[in-house]
Amino acid sequence: MNKKIIIHVGFQKTGSSSIQHFFRDVLKKNKTNKLAYPKFYNKFTGNYSYNHSTALFSIYSSKWREYHINKKLKLSAINLEKLNQDYKDQFRKFLNECAADTIVLSGEDLSILPKQELKNLLEDLRSNFNNGNFECKVIAYTRHPLRLFISEVQQSVKGGLSLDQAINVRLRNASILFLNKLESLKDVFGDGLEIFEFENAVTYSGGLVKHFIDNAGLNSYFEASQRFSYISNEGYSLEALELLSAINVNIPLFIDGNLSELRKGNDFLMFQSIKGVKFSVSSNVQDAFYSRSANSIEVLRNNYGLDYNLERVEVFDLMWNEKSCLDLKMLFPKLKKEFRQVILWYFQAKFIELKNENSNCAVTYLRVLKVVRPTMKVVAMFESEYKI
């Protein structure tokens, strides 16, 4: 049998975790020497990673020190160097010793490596696996540009930006969309690159993971009865992102490029418990996005056969209904004192800002304060007037 290397490169926000978890779980249960899916060990955390972005982006990117995953480790420069060298040694050892017929690599951040760094990855594969005698197939999933934009705004807030900053940053990149990724991948891997629309893949019989298995030519490695599950990363509500945005403004995630002492790299996870309206962006922002991305959407259609329509996404008003208020009340005691202070200050400031302009919005913020901290002076002063 001819040797193969299948490289899944995401893109971001296209269900990559489902593919990675599938290979992690299945190969743990069903040991085989025919199909290999490596894992990378972080000796400083004691954890294994099955998302190959963690190690391979660090190995091949010239900007690996600024990689957000590495920054959140809070390692010294010396230890970060040691970790990166250890990743290189693990990868080289894996390739040199692998006797499997097929290797699968999966990492969504591989798609953001520039052309030369992708070439370096391919050259290492050729130098260290089966004397370079293998077929290489690269699979990429793309998402509708507007829905990807909205998801990336949300991700940027989770990564430390305010909502306004996140929207502005993502709008600046709207003119190129993911064309630069596709062009680099096409230049390096040529006809070995296959591109699929994520929205179609998730409706495939068996779901996204089965779509990947079938199109990667991996069917023979799995029993006909194999189940293929899809992990849908639940989005954050508009209410949750409003709070996280306020915290990012007042207690930055990073200071001078280093993780703040008052923050954790994943402290955004706490806010997922606040349910509310689905996050979207305003109609004006959607207009601006399509205005900036129109040329790239046309190139995607003409050069890559990706025919995306100019659909609109429904816009929801911020609610802070009874359920979301109670969610915040339950979460509030678990938050750091500094986070609680920012949230109370934020709601009070929004109420004062809006009470003479938009009484309906103003009363929303006052109502939240009454649920979370009923003893606040501003609540006592205005609750009768606003009948809450």
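Each remark here, short or long, concerns the structure printed above.
Just so it is clear, the structure is predicted and the values come from calculations on it, not from any experiment. (Residues numbered from 1 in each chain as written. Predicted model: local features only at pLDDT ≥ 70, side-chain atom pairs only at ≥ 80, totals over all residues. Heavy atoms only, no water.)

Turning to the overall build of the protein, a few remarks are in order. Looking only at helices and strands, the protein has 16 helices and nine strands in total. Taken over the C-alpha trace, the protein has a radius of gyration of 24 Å; the compact-globule value for 388 residues is 21 Å, and the two agree within 12%. Each principal axis of the C-alpha atoms in the protein carries an extent, and together these give about 80 × 45 × 40 Å. A burial count over the protein gives 49% of its 388 residues as buried. For the protein, restricting intrachain contacts to residue pairs at least 6 apart in sequence, the fraction spanning at least 24 positions comes to 77%. Counting only carbon and sulfur atoms, one obtains 47% of the accessible surface of the protein, whose full area is about 19400 Å². (Helix = DSSP H or I, 4+ residues; strand = E, 2+ residues; numbered from the N terminus. Rg over C-alpha atoms; globule rule 2.2 N^0.38 Å. Buried < 20%, exposed > 50% of the residue type's maximum accessible area, 1.4 Å probe, protein only. Contact = heavy atoms within 4.5 Å. Areas by Shrake-Rupley, 256 points an atom, 1.4 Å probe, with all protein chains shown as cover.)

Attention now goes to the sheet that holds strand E6 (residues 135-142). Strand order in this open sheet of five strands is E2-E5-E1-E6-E7, and the pairing throughout is parallel. The two strands at the open ends of the sheet, each matched to only one other strand, are strand E2 (35-36) and strand E7 (193-197). The pairing of E6 with E7 spans five bridges and is parallel. Across the sheet, residue Thr-142 finds its bridge partner in E7, namely Glu-197. (Pairing = 2+ DSSP bridges.)

Let's shift gears to the layout of surface pockets. Sizing a probe to match a water molecule and rolling it over the atoms shows the empty space that remains. Computed from the structure, the second largest pocket encloses a volume of approximately 780 Å³. Surrounding the second largest pocket, 28 residues form its lining, Leu-163, Glu-242, Tyr-346, Lys-350 and Tyr-365 being those nearest its centre. Only helix H7 (163-172), helix H11 (238-250), helix H14 (337-354) and helix H15 (359-372) provide two or more residues apiece to the lining of the second largest pocket. Sort the elements by how many residues they give to the lining of the second largest pocket and H11 lands first, with six residues. (1 Å grid on protein atoms, 1.4 Å probe; cavity = no way out; pocket = protein on both sides within 12 Å on 5 of 7 lines; lining within 4 Å. Points joined across faces, edges and corners; volume = space filled by probe spheres on them.)

The buried fraction of strand E1 (residues 4-8) is high, at four of five residues. Relative to strand E5 (residues 102-106), E1 is paired through five bridges, and the arrangement is parallel. Looking at E5, one finds that His-8 is bridged to Ser-106. Both E1 and E6 contribute to a ladder of five bridges, which runs parallel. Among the inter-strand pairings, Lys-4 is bridged to a residue of E6, identified as Glu-135.

Moving on: the packing of helix H1 (residues 16-29) against helix H10 (residues 207-216). Put simply, H1 and H10 touch, their axes get as near as 9 Å, and they point 70° apart. By the angle between their directions, the pair H1 and H10 is classed as roughly perpendicular. Two secondary-structure elements touch here, H1 through Ser-18, Ile-19, Phe-22 and Phe-23 and H10 through Val-209, Phe-212 and Ile-213. Here the residues of the contact of H1 with H10 are counted per class, giving six nonpolar, one polar and no charged. (Axes fitted to C-alpha atoms, helices over the stretch in contact; angles between N-to-C directions. Parallel < 35°, antiparallel > 145°, perpendicular 65-115°, else oblique. Nonpolar A, V, L, I, M, F, W, Y, C, P; charged D, E, K, R; others polar.)

Turning next to the pattern of salt bridges. Summed over all chains, the structure comprises 18 salt bridges. The partner of Glu-81 in a salt bridge is Arg-65, and the shortest N-O contact between them spans 2.6 Å. Residue Glu-81 is located in helix H4 (residues 77-97), and its partner Arg-65 is located in the loop between helix H2 (53-60) and helix H3 (68-71); the two are separated by 16 residues in the primary sequence. A relative accessible area of 38% places Glu-81 in the partly exposed class. Assessed through its relative accessible area of 43%, Arg-65 is described here as partly exposed. Across the pair Lys-115 and Asp-187 runs a salt bridge whose closest N-O atoms are separated by 2.9 Å. You can see Lys-115 sitting in helix H5 (residues 115-128) and its partner Asp-187 sitting in helix H8 (residues 179-189), a full 72 residues away along the chain. Residues participating in the shared-partner salt-bridge network are Glu-298, Arg-301 and Asp-307. (Salt bridge = Lys/Arg side-chain N within 4 Å of Asp/Glu carboxyl O.)

Next up on the list: the nonpolar core. Among the nonpolar cores identified, the biggest contains 100 residues, and Ile-7, Phe-91, Phe-271, Leu-328 and Phe-347 are the most heavily contacted of them. Sequence-distant contacts of Phe-91, that is, excluding residues within four places in its chain, are made with Phe-40, Leu-56, Ile-59, Tyr-60, Leu-105, Leu-121 and Leu-125. Counting 23 residues, the second-largest nonpolar core is a separate cluster that includes Ile-6, Leu-208, Val-209 and Leu-218. (Core = buried A, V, L, I, M, F, W, Y, C linked by side-chain atoms within 4.5 Å.)

A cis amide bond links Gly-10 to the next residue, Phe-11, at an omega of 10°. Among the secondary structure elements, Phe-11 is positioned in the loop between E1 and H1. Non-glycine residue Asp-256 carries a positive phi angle of around 55°. Its relative accessible area of 75% is what places Asp-256 among the exposed residues. At Lys-387, a residue that is not glycine, the phi angle is positive and equals roughly 55°.

These figures come from the coordinates and say nothing about function on their own.
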